[in-house]
Amino acid sequence: MEGIGALQHSNRLFKIRAVISWIKRKRIEEREPVAYTLTIHSVSKQPSTLKIIIMTPSQKLLAKLGIKDQDIIEDENASVKIEEQENPRRSFFKKSAMGGIALGGSLLFSPIEDIIAQSTQKVSRFSSPSDLKITDMRYCVTSVLGRTAIIRIDTNQGIYGLGEVRDGADERYALMLKSRILGENPCNVEMIFKKIRQFGGQSRQAGGVCAVEMALWDICGKAYNVPAWQLLGGRYRDKVRMYADTPEAGSPEEQAKLINYRIKDQGYTWLKMDVSIGELKGIPGALVNYKFWESSQGNLAQWGDQSNYMSYGNTLHPFTQIQITDKGFEKLGEIVENVRGMVGYDIPLSTDHYGHFDLNNGIRLGKALEKYRLAWLEDIISWELTDQWKTMSDAMETPCLTGEDIYLLKNFKPLIDKHAVDIVHPDLASSGGLLETKRIGDYAEENGVAMAMHQAGTPVSFMANVHCAAATQNFLALEHHSVDLPWWESMVKTTDGRKLITKGFANLPLTAPGLGIELNDEVIKQHLHATDKSYFAPTPEWDAKRSHDRIFS
Ligand SMILES: [Mg+2]
């Protein structure tokens, strides 16, 4: 090929490295019209492919008489007719968009139109996000963790979102928000969150607001056909590390069984265990002031007796005047040593649920357990005692952690700003949902504080956590509180067919939209709470608002 020619096409003049003489030669050699493709390179444009059809004069005449295609006319100068041909690569993208073919790395050198075509190929045509409206909110109450409600928010376009009211919280925390969100576009997640934020409080009081927020991301992801993590800014990881909660065992043998199941059978790489002063029951001289607080069954009932406001379980840590003796610390140390002996040092070992005693005893306990290199000491005092957390953190080398009852970033800030904890531990069903929890993680990250995530619910809030964890850089591990519940995973079906959990890691849905799950109705219906067997029944009694919501004048 040789020569430089100029071809006129659609009022654009391209300087091309054409091979006019070669084309002319071919015209003589060929008796039938022939087509060639020519790729034109220019500085300002992506390569453009042209179709060149060469005709002899007689063919040109036949074309004029209508015997041949009239459009095929020779160019005046080059004796060729050029017509812009559809870029075959673009055509391929169009076809692949229709067929849903994943193209991966082939996009690297593609024109922007191709990238857009590829990236939007899965946008759901079923939903028109701008016209989405919330039309309903319904619920069911499962028996997970005693009582955990799942909500469903419906829309005018058939897509719905799933959310979860935190374990132990009343579903009415969510239902009272129904009248506030009906008619709203669910994709305006942040605006709706700000509208209903005032109806959340610490711990379970935030259950309704967070449930709605989760469901909105589920809808929004489905509307735009992307996973929730994508809407949060993208992902840092494809698998989310989990830590397996291990409840208090009645004996070392029982504890060994629980731990072996988690590590050897299930493949978890991070464990949490309870080290409670409740386990010192019956050991003379292990605790001071135990008798005063024991329940009618003779226990330190950390969760029991909730109806009695003055019970041990309802009394804040500094106000019990329970003290742990050296003998008590020795015994608690043995419990940890036993577990550490079983799991070794490759597995991070976190601890929780020590009981209610003050900062001084907390520091002494922390120091007694320091040699076991624990991953963290959790909620050793109540979260709002920021100065006491600072004192504790400064006194110990074991990381301190709290946060599962904190609502909103602004309530995490004092702990982070003062470096009063080493790790924050939001429960996404209390902290404000996916976006607020990511904001908590990001703020902690900026201040050199890590984030673990508390989770004790159904696979609905679990998946909300997984998306948030994937999108947050300083994330360490996500709690799984129902390792021993055989039907827990089967409460949902993943929409992309993936397993929920593999060897102690949650599998992130890489393409499935929203949270990436659907409810397994049959399984959930088998595990509804005894007091409420309804299953996403209509809730018209929650349609109307009865108060003026503005909180300023
Ligand atoms: Mg905890």
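The coordinates are above.
A quick note: this is a predicted structure, and the numbers were derived from the prediction, not measured.

(A) View of the sheet that holds strand β7 (residues 148-155). Spatial strand order, β6-β7-β8: three strands in an open sheet with antiparallel pairing. Each edge of the open sheet carries a strand with a single partner, namely β6 (134-142) and β8 (160-165). Neighbour to neighbour, the strand axes of the sheet diverge by 20° on average, direction disregarded. Contacting β7 and β8, helix α8 (residues 207-224) crosses the sheet at an angle of about 155° to β8.

(B) Region of interest: α8. Its 18 residues place the ends of α8 26 Å apart at the C-alpha level, agreeing with the 26 Å of an ideal helix rising 1.5 Å per residue. With 17 of 18 residues buried, α8 is to be regarded as a mostly interior element. Phi for N225, located one or two positions after α8, is positive at around 60°.

(C) Geometry of the environment of Y372. Of note, Y372 is situated in the loop between α13 (359-369) and β14 (376-378). Among the residues examined, Y372 registers 17 C-beta atoms within 10 Å and is labelled partly exposed. Along the backbone, Y372 and R340 are 32 residues apart, and their C-alpha atoms lie at a distance of 7.1 Å. Excluding anything up to four places from it in sequence, Y372 contacts V336, E337 and R340.

(D) Quick peek at helix α7 (residues 189-196). Where α7 is concerned, the buried positions are V189, I192 and F193. In an axial view of α7, the angular spread of the buried residues amounts to 105°, which keeps them on one side of the axis. Opposite the buried face of α7, by more than 90 degrees, sit the exposed residues E190, M191 and K194.

(E) Summary view of unusual backbone geometry. A positive phi angle, near 55°, is found at Q321, a position not held by glycine. Within the secondary structure, Q321 sits in the loop between α11 (290-293) and β12 (323-324). Owing to 13 C-beta atoms within 10 Å, Q321 belongs among the partly exposed residues under this scheme. Non-glycine residue L408 carries a positive phi angle of around 80°. Structurally, L408 can be placed in the loop between β15 (400-402) and α15 (409-417). Given 21 C-beta atoms within 10 Å, L408 falls into the buried group.

Cut-offs and rules
Residues numbered from 1 in each chain as written. Predicted model: local features only at pLDDT ≥ 70, side-chain atom pairs only at ≥ 80, totals over all residues. Pairing = 2+ DSSP bridges. Helix = DSSP H or I, 4+ residues; strand = E, 2+ residues; numbered from the N terminus. Axes fitted to C-alpha atoms, helices over the stretch in contact; angles between N-to-C directions. Contact = placed C-beta atoms within 7 Å. Expected span 1.5 Å × (residues − 1). Buried ≥ 20, exposed ≤ 12 C-beta atoms within 10 Å, placed from the backbone. Arc of directions from axis to C-beta.

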